[in-house]
2 protein chains.
Amino acid sequence: MNEIDWMKKAILQAKVAMKKNEVPIGCVIVRDGKIIARAHNLRESQQIATKHAELIAIERACKKLKTWRLEDCDLYVTLEPCPMCAGAIILSRIRSVTFGAYDPKGGCAGSCTDLFHVKGFNHYPEVHGGILEEECAQLLKDFFRQKRKEKKKNRL
Amino acid sequence: MNEIDWMKKAILQAKVAMKKNEVPIGCVIVRDGKIIARAHNLRESQQIATKHAELIAIERACKKLKTWRLEDCDLYVTLEPCPMCAGAIILSRIRSVTFGAYDPKGGCAGSCTDLFHVKGFNHYPEVHGGILEEECAQLLKDFFRQKRKEKKKNRL
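Residues numbered from 1 in each chain as written. Chains lettered and ligands numbered in written order. Predicted model: local features only at pLDDT ≥ 70, side-chain atom pairs only at ≥ 80, totals over all residues. Heavy atoms only, no water.

Rules: UniProt positions are given in the numbering used here, feature names are shortened, and annotations may be inferred rather than shown by experiment.
As annotated in an unreviewed UniProt entry, chain A carries the name tRNA-specific adenosine deaminase and is attributed to Dubosiella newyorkensis. In its Subunit (unreviewed entry) section, UniProt records this for chain A: "Homodimer."

And the structure:
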């Protein structure tokens, strides 16, 4: 298994979100060659602002390992992390973060700001961006195109 | 009730954390002159990296109001928000954030970086810092002094 394989697993999670009418973003956390947590965006169904794929996956990984320190874990997510999720990755000391599509409207691995290289923080994960970028971005494009269509139809 | 009064309520929450041997940070969320959520840091007791006072309070407020949008809510917290909590404040569209002590090691309202003024984000809360700063900082100083004492004792 390499980063492409793990990203495919994250994409599967994004597709689960899509089926639930959630913005299609998925995440897996890997340790010792095994997925220890998987999650997808659940903001709309739960109506809780914090229910992003990465945050849910990090909480599941902490529960599974019974520690808030995820030092030997690697996170794979289909979209560049937002400030909250980038922050949670830093706080949980995750070793590396690999993301698919870039997010010009909120990405915190360089697009809007770069939280992974702020002087003063006490942890700096490795960062890899643009893995299966096109496939990850296409899911989001399809979702928002569908949403616009529904909106237009409702207006008629 | 003014910002000093609400900060005193947040300090009460920080003191609850202290009694549980957690880093003493507390938070309240106010809407229409009433506290709708209160929380304190629970990272150590739950062993989950995301269990910061603000994040727990935001989740409680969303559950209470049954919406992820907290547009007419104001958040009071004893310490300058970390990247994760600053992100959660932005995502939940909280109207204003008022904090007590500044955090040179992780604060994201200007100390390490300023997440509340990043170009491209879709929400910019009002920010007030340094409210009852000394009292909020003293709690943290007392906590870490005690921790160092315990460590020294255990080494003897």
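Description of the UniProt feature "domain: CMP/dCMP-type deaminase" (unreviewed entry) in chain A
Selection criterion: In this description a helix means any DSSP run of H or I spanning at least four residues, a strand means any run of E spanning at least two, and both kinds are numbered starting from the N terminus.
Residues annotated by UniProt as "domain: CMP/dCMP-type deaminase" (unreviewed entry) correspond here to residues 1-110 of chain A. The span residues 1-110 of chain A shows a helical share of 39% and a strand share of 23%, and its end C-alpha atoms are spaced 27 Å apart.

Notes on the UniProt feature "binding site: Zn(2+)" (unreviewed entry) in chain A
Rules: In this analysis, two residues are considered to be in contact whenever any of their non-hydrogen atoms come within 4.5 Å of each other. Here's how the labels work: a residue is buried when its accessible area is under 20% of the maximum for its type, exposed when over 50%, partly exposed in between, all with a 1.4 Å probe on protein chains only.
UniProt records the feature "binding site: Zn(2+)" (unreviewed entry) at A:H52, A:C82 and A:C85, using the numbering of this structure. Spanning 34 residues, the annotated positions come together in the fold, the maximum distance between their C-alpha atoms being 9.2 Å. Residue placement: A:C82 occurs in the loop between β3 (74-79) and α4 (83-91). With residues up to four places along the chain from it excluded, the contact list for A:C82 reads A:H52, A:E54, A:G106, A:C108 and B:L91. Its location among the elements puts A:C85 in helix α4. Judged by its relative accessible area of 0%, A:C85 falls in the buried class. For A:C85, the residues in contact, after removing those within four places along its chain, are A:H52, A:E54 and A:L55.

Points about the confidence of the model for chain A
Applicable threshold: The quantity known as pLDDT measures the predictor's confidence residue by residue, on a range of 0 to 100.
Taken residue by residue, chain A gives an average pLDDT of 97. The fraction at 70 or more is 100%. This prediction of the complex comes with two scores: 0.97 for pTM and 0.96 for ipTM.

A word on the relation of the copies chain B and chain A
What counts here: The copies are overlaid by a least-squares fit using only the C-alpha atoms of residues whose pLDDT is at least 70 in both copies.
Laying chain B over chain A is done by rotating through 180° and shifting 0.0 Å along the axis; what remains is an RMSD of 0.0 Å. The superposition operator between the copies reduces to a two-fold rotation axis. For chain B, the smallest separation between a C-alpha atom and the rotation axis is recorded for B:M84, amounting to 1.9 Å.

Some thoughts on the side chain of B:T67
Filter applied, for reference: In the analysis that follows, any N or O atom pair within 3.5 Å is treated as a polar contact, provided that within protein one partner can donate a hydrogen and the other can accept it, and provided that, for residues neighboring in sequence, both atoms belong to side chains.
In this fold, B:T67 is placed in the loop between α3 (53-65) and β3 (74-79). A distance of 3.0 Å separates the side chain of B:T67 from the backbone nitrogen of B:R69, its partner in a polar contact. If sequence neighbours within four positions are ignored, B:T67 has contacts with A:Q47 and B:C62.

What to know about the sheet that holds strand β4 (residues 96-101) of chain A
Sheets are built from strands paired through backbone hydrogen bonds, the pairs being either parallel or antiparallel. All names here are of chain A. Here is the rule: Two strands make a pair as long as DSSP finds a minimum of two bridges between them. Inter-axis angles, ranging from 0 to 180 degrees, are taken between N-to-C directions of lines fitted to C-alpha atoms, where helices are fitted over the stretch in contact.
With respect to topology, five strands assemble into an open sheet ordered β2-β1-β3-β4-β5, the strand pairing being mixed. The sheet is open, and its two borders are formed by β2 (34-40) and β5 (126-128), each paired with just one other strand. Averaged over all adjacent pairs, the angle separating strand axes in this sheet is 15°, with direction ignored. Across the face of the sheet, helix α1 (residues 3-19) comes into contact with β1 (26-31), β2, β3, β4 and β5 while running at roughly 50° to β3. Sitting on the sheet, helix α3 (residues 53-65) touches β1, β2 and β3, and the angle it makes with β2 is about 140°.

Some words on the pattern of salt bridges
Residues and elements named next belong to chain B. Put simply, the rule reads: For salt bridges, the criterion is a side-chain nitrogen of Lys or Arg within 4 Å of an Asp or Glu carboxyl oxygen.
Tallied over the entire structure, the rule returns twelve salt bridges over all chains. Where R31 meets D72, a salt bridge forms, and the shortest distance between an N and an O atom there is 3.1 Å. One end of the pair, R31, is in strand β1 (residues 26-31); the other, D72, is in the loop between α3 and β3, and 41 residues separate them in sequence.

Quick notes on the packing of α1(A) against helix α5 (residues 133-155) of chain A
All names here are of chain A. Rule in force here: Any angle that is under 35 degrees is reported as roughly parallel, and any over 145 degrees as roughly antiparallel; angles of 65 to 115 degrees are reported as roughly perpendicular and all others as oblique. Classes in brief: Ala, Val, Leu, Ile, Met, Phe, Trp, Tyr, Cys and Pro nonpolar; Asp, Glu, Lys and Arg charged; the others, Gly included, polar.
The N-to-C vectors of α1 and α5 enclose an angle of 5°; their axes lie 10 Å apart at closest approach. By the angle between their axes, α1 is roughly parallel relative to α5. Contacts from M7, I11, A14, K15 and M18 of α1 reach α5 at E135, C136, L139, D142 and F143. The class makeup of the residues in the contact of α1 with α5 is seven nonpolar, no polar and three charged.

Structural notes on the interface of chain B and chain A
Condition: Using a 1.4 Å probe, buried area is obtained as the accessible area two parts lose upon being combined, added over both of them.
The partner chain A presents 33 residues to the 33 residues of chain B that form the contact. Across the chain B to chain A interface the summed buried area is about 2,600 Å²; carbon plus sulfur atoms make up 72%. The largest share of the area that chain B buries against chain A comes from B:Q47, B:W68 and B:L91, three residues that together contribute 23% of it. In this structure, the salt-bridge partner of B:E59 is A:K51, at a minimum N-O distance of 4.0 Å. Across the contact surface, chain B and chain A share six residue pairs in polar contact (both at pLDDT 80 or more). Elements with a minimum of two residues in the side of chain B that touches chain A: α2 (43-46), α3 and α4 (83-91) of chain B.

Some words on the environment of B:S45
Residues and elements named next belong to chain B. Inspection of the secondary structure puts S45 in helix α2. For the pair S45 and E22, spaced 23 residues apart in the sequence, the C-alpha separation amounts to 7.4 Å. Reaching out from S45, the side chain makes a polar contact with the side chain of E22 at a distance of 2.5 Å.

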